[in-house]
Amino acid sequence: MQEILIAGGGIGGLAAALALARKGRRVRVLEKAAEFGEIGYGIQMGPNVAKMLDHLGVLEALEPASVFPEALVFADALTNEELTRISLGKAFLARYRYRYFVIHRRDLHGGLLDACRRRSEIVLESSRGLKSFSQNGDAVTVVCENGAEYAGAALIGADGLWSPTRQAVIGDGAPRAAGHYVYRGVVPIEQIVDRSRMNMMIIWGGPDLHLVQYRLRGGAVMNNVATIASRRFRRNEKNAGAPDELEEVFAPVHPGVRDSLRYVSRERNWVLHDREPAANWTEGRVTLLGDAAHPTLQYLAQGAQMAIEDAVVLAEKVAAAGEDCHRAFLAYQRERMNRSARVVLSSRFFGEWFHADAGARALRNELARARDPDNPWEADWLYKGIDIA
Ligand SMILES: Cc1cc2nc3c(=O)[nH]c(=O)nc-3n(C[C@H](O)[C@H](O)[C@H](O)COP(=O)(O)OP(=O)(O)OC[C@H]3O[C@@H](n4cnc5c(N)ncnc54)[C@H](O)[C@@H]3O)c2cc1C
């Protein structure tokens, strides 16, 4: 059988390569960057993706680098009052069968990369940005930016938010800018002044802002993420999301919370995007996966998790359909579309929830306080995950 080409060696592309190789398919990953890698910040992994990582045979190897928080805590940024939590103890494990963990992105990506390197079915090539592709009934040919050409049985576009593969398949232009800006910082744990909630993954929500903290790398460092929904962006003004707007939006926040802004770097920010859920992301022998297919805001912390779920489902459908990649891809997208759309749309809602002000904030706080920390029924659709063979 011909090899399958994957454009993009991020978390989604590597998970897809691994999942396909485990089904006996030969795979070539074409990565645009000069090296396979990830940025130096944290990422959250729910029980739904832990199940997928277990299925892919990498969960155990990731464990030493993972941190397992005691609870997911939500607090009001203006008062520092804890409003609600999801306890991550025994009841959570019994309900979802897998634990919730947080991990450094490089450790997760590195774990997948190591697993890919151990498989003889997988070829990894860097400095191979996909420029264009063409297909006929039997094969896909990819042309890279450096002129290299590859033929394969199919192409999976795992080339991220700005995916050129998506532009050829769907052609829906640039993703939607949410007007939300993210500042991050990972600092040694000794630098953290308030260590009272060290064993938690905690989110403080406030008007047009939220702040996330959790530990990484065996607890040695703290991951800090401050996000603002830019008022300048909404008013179409200059310097939307600039560091001085970060300070401005965080000004009314409880001093104990605002103090954590010292842990985020002002050198760079991330501009958040998503897309309207698409009704199709397959054309012939070409399909999309991860952020290329369904980019989402980070408010459910599920973008990479959806990419990994995609990978497992895609490999199952390819294995079931044999040479008929088109049929496999249609079956794959049928299974993934509604779940990923629910994540995209729910993430927008959770952004509003985190960033609520005035009456919406009062309602949010009342509803949050009334929750049962040991009965996270609202998360069942997500955390119970998907069925795999
Ligand atoms: C602030 C923030 C916090 C987040 N937190 C979480 C979280 O806690 N949990 C979670 O699950 N998700 C989280 N996410 C989302 C997550 O980061 C993404 O959904 C995930 O990285 C998508 O993986 P991907 O492999 O689809 O795309 P990417 O990670 O974007 O990888 C795409 C790859 O394709 C390569 N590429 C690009 N163009 C080409 C080309 N032309 N040819 C070949 N290769 C190409 C890129 O170099 C890259 O390596 C967060 C996102 C943000 C912004």
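Our structure's up above, just so we're on the same page.
These lines cover the structure that appears in this document, whether it is placed above or below. Everything numeric here is computed off the predicted structure, so don't read it as measured data. (Residues numbered from 1 in each chain as written. Predicted model: local features only at pLDDT ≥ 70, side-chain atom pairs only at ≥ 80, totals over all residues.)

### Examining the sheet that holds strand β2 (residues 27–30)
Part 1 of the argument: Spatial ordering of the open sheet is given by β7-β2-β1-β11-β18-β17, a layout of six strands whose pairing is mixed. Two strands close off the open sheet at either side, each with one partner strand: β7 (122–125) and β17 (282–283).
Part 2 of the argument: The sheet contact formed by strand β1 (residues 4–7) and strand β11 (residues 154–157) spans four bridges and is parallel. Paired with A7 across the bridge in β11 is G157. (Pairing = 2+ DSSP bridges. Helix = DSSP H or I, 4+ residues; strand = E, 2+ residues; numbered from the N terminus.)

### Considering the pairing of β11
Part 1 of the argument: Covered by surrounding structure in β11 are A154 and I156 together with L155 and G157, the residues of both alternating faces.
Part 2 of the argument: Direction of pairing for β11 relative to strand β18 (residues 286–288): parallel, over a ladder of three bridges. Looking across to β18, one finds that I156 is bridged to T287. (Buried ≥ 20, exposed ≤ 12 C-beta atoms within 10 Å, placed from the backbone.)

### Considerations on helix α11 (residues 325–354)
Part 1 of the argument: Compared with an ideal rise of 1.5 Å per residue, which puts 30 residues at 44 Å, α11 spans 41 Å between its outermost C-alpha atoms and is within 8% of the ideal.
Part 2 of the argument: The largest bend along α11 reaches roughly 35 degrees and is located at M337.
Part 3 of the argument: Here α11 has its buried residues at C325, A328, F329, Y332, Q333, R336, S340, V343, V344, S347, G351 and F354. (Expected span 1.5 Å × (residues − 1). Bend = angle between axes of the 7 residues up to and from the residue.)

### Observations concerning unusual backbone geometry
Part 1 of the argument: Even without a glycine there, the phi angle at N80 is positive, about 65 degrees.
Part 2 of the argument: Looking at the secondary structure, you find N80 in the loop between β4 (71–76) and β5 (82–87).
Part 3 of the argument: C-beta crowding within 10 Å serves as the criterion here: with 15 such atoms nearby, N80 is assigned to the partly exposed category.
Part 4 of the argument: Of note in the backbone geometry, R217 takes a positive phi value of approximately 50 degrees without being a glycine.
Part 5 of the argument: By the secondary structure assignment, R217 is in the loop between β14 (209–216) and β15 (221–229).
Part 6 of the argument: Among the residues examined, R217 registers 19 C-beta atoms within 10 Å and is labelled partly exposed.

### A word on the site of the ligand
Part 1 of the argument: G8, G10, G160, G290 and G303 are the nearest of the 32 residues found near the ligand.
Part 2 of the argument: The dominant element in the shell around the ligand, judged by the number of residues it contributes, is helix α10 (residues 303–321), at four residues.
Part 3 of the argument: A class-by-class count of the residues in the shell around the ligand yields 15 nonpolar, 13 polar and four charged. (Near = placed C-beta within 6 Å. Nonpolar A, V, L, I, M, F, W, Y, C, P; charged D, E, K, R; others polar.)

### Thoughts on the sheet that holds strand β10 (residues 149–152)
Part 1 of the argument: Here three strands make up an open sheet; going across it, the order is β8-β9-β10 and the pairing antiparallel. Each edge of the sheet is formed by a strand with only one pairing partner; in this case those strands are β8 (130–135) and β10. Strand-to-strand twist of the sheet, defined as the mean angle between neighbouring strand axes without regard to direction, takes the value 20 degrees.
Part 2 of the argument: Bridge count for strand β9 (residues 140–144) against β10 is four bridges, and the pairing is antiparallel. Residue pairing for β10: T141 is matched across the bridge by A151. (Axes fitted to C-alpha atoms, helices over the stretch in contact; angles between N-to-C directions.)

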